[in-house]
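If you want the building blocks of each chain, they are given just below.
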Amino acid sequence: MAKKGDYFGLSWIVSLILAIIPVTSWVCGIITKVQEGHYISAIVRIFFGFNIIWILDLIFMICTKHIFPII
């Protein structure tokens, strides 16, 4: 059975592919953080999503199988 990634309970490979593409990483990251109730993290992703947070999401998705855990 495939290990679960962070985006919507999808498999880790699908979540990694979504994290590699900047636009899907930004949108899926915001939606995921809002679903988890981390509204400040979602706001940070809106303003810094295409640069710093995107790179951190890639690093964390590869290493820990979860996106960058802000707040």
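So, here's what we can say about the structure. Worth saying up front: this structure is predicted, and the values here are computed from it rather than measured.

Quick notes on the rules
For every chain, the first residue of the written sequence is number 1, and numbering continues from 1 onward in sequence order. In keeping with the model being predicted, local features are shown solely for residues with a pLDDT of at least 70 and side-chain atom pairs are shown and tallied solely at 80 or more, while totals for entire chains, interfaces and linings include all residues. As a rule here, side-chain values come from all non-hydrogen atoms in the structure, and water together with hydrogens is ignored. By definition, any uninterrupted DSSP run of H or I lasting at least four residues is a helix, any uninterrupted run of E lasting at least two residues is a strand, and each is numbered from the N terminus. Our radius of gyration looks at C-alpha atoms and nothing else; its globule reference is 2.2 Å times the residue count to the power 0.38. Relative accessibility under 20% of the residue-type maximum defines a buried residue, over 50% an exposed one, and the middle range a partly exposed one, all with a 1.4 Å probe and only protein chains included. Any two residues having at least one pair of non-hydrogen atoms within 4.5 Å are treated as being in contact. The protein chains shown are the only cover counted for residues, whose accessible areas, like all others here, come from Shrake-Rupley with a 1.4 Å probe. For our purposes a nonpolar core is just a set of buried Ala, Val, Leu, Ile, Met, Phe, Trp, Tyr and Cys residues, chained together by side-chain atoms within 4.5 Å. Basic side-chain nitrogens of Lys or Arg form a salt bridge, by our definition, when they fall within 4 Å of a carboxyl oxygen of Asp or Glu.

1. Focus: the overall build of the protein
Step number 1: Helix and strand counts for the protein stand at 4 helices and 0 strands.
Step number 2: Going from N to C terminus, the protein has its helices and strands arranged as α-α-α-α.
Step number 3: Here the protein has a C-alpha radius of gyration of 11 Å; the compact-globule value for 71 residues is 11 Å, and the two agree.
Step number 4: For the protein, the C-alpha atoms occupy an extent of roughly 35 × 25 × 20 Å along the three principal directions.
Step number 5: Per-residue burial over the protein gives 34% buried out of 71 residues.
Step number 6: The contacts of the protein with a sequence gap of at least 6 include a subset with a gap of at least 24, amounting to 46%.
Step number 7: Taken as a whole, the protein presents about 4300 Å² of accessible surface, with 80% of it coming from carbon and sulfur.

2. Examining unusual backbone geometry
Glycine aside, residues mostly have negative phi angles, and peptide bonds mostly take the trans form.
Step number 1: One non-glycine residue with positive phi stands out, namely Phe-8, at about 60°.
Step number 2: In this fold, Phe-8 is placed in the segment before helix H1 (12-20).
Step number 3: A positive phi angle, near 70°, is found at Lys-65, a position not held by glycine.
Step number 4: You can see Lys-65 is positioned in the segment after helix H4 (52-64).

3. Describing the nonpolar core
Step number 1: Tyr-7, Leu-16, Leu-18, Ala-19, Cys-28, Leu-58, Met-61 and Ile-67 form the largest nonpolar core, which has 8 residues in total.
Step number 2: Those elements giving two or more residues to this core turn out to be H1 and H4.
Step number 3: Sequence-distant contacts of Leu-18, that is, excluding residues within four places in its chain, are made with Tyr-7, Leu-10, Thr-24, Ser-25 and Cys-28.

4. With respect to the pattern of salt bridges
Step number 1: Applying the stated rule across the entire model yields 2 salt bridges.
Step number 2: Where Lys-33 meets Glu-36, a salt bridge forms, and the shortest distance between an N and an O atom there is 3.5 Å. With Lys-33 and Glu-36 both in helix H2 (residues 22-36) and 3 residues apart, this pair spans about one turn of that helix.
Step number 3: Residue Lys-33 is classed as buried on the basis of its relative accessible area, which comes to 4%.
Step number 4: The exposure class assigned to Glu-36 is partly exposed, which follows from its relative accessible area of 39%.
Step number 5: For Arg-45, the salt bridge is made with Asp-57, and the minimal N-O distance between the two is 2.7 Å. Residue Arg-45 is located in helix H3 (residues 39-48), and its partner Asp-57 is located in helix H4; the two are separated by 12 residues in the primary sequence.
Step number 6: Under the relative-accessibility criterion, Asp-57 is labelled buried at 1%.

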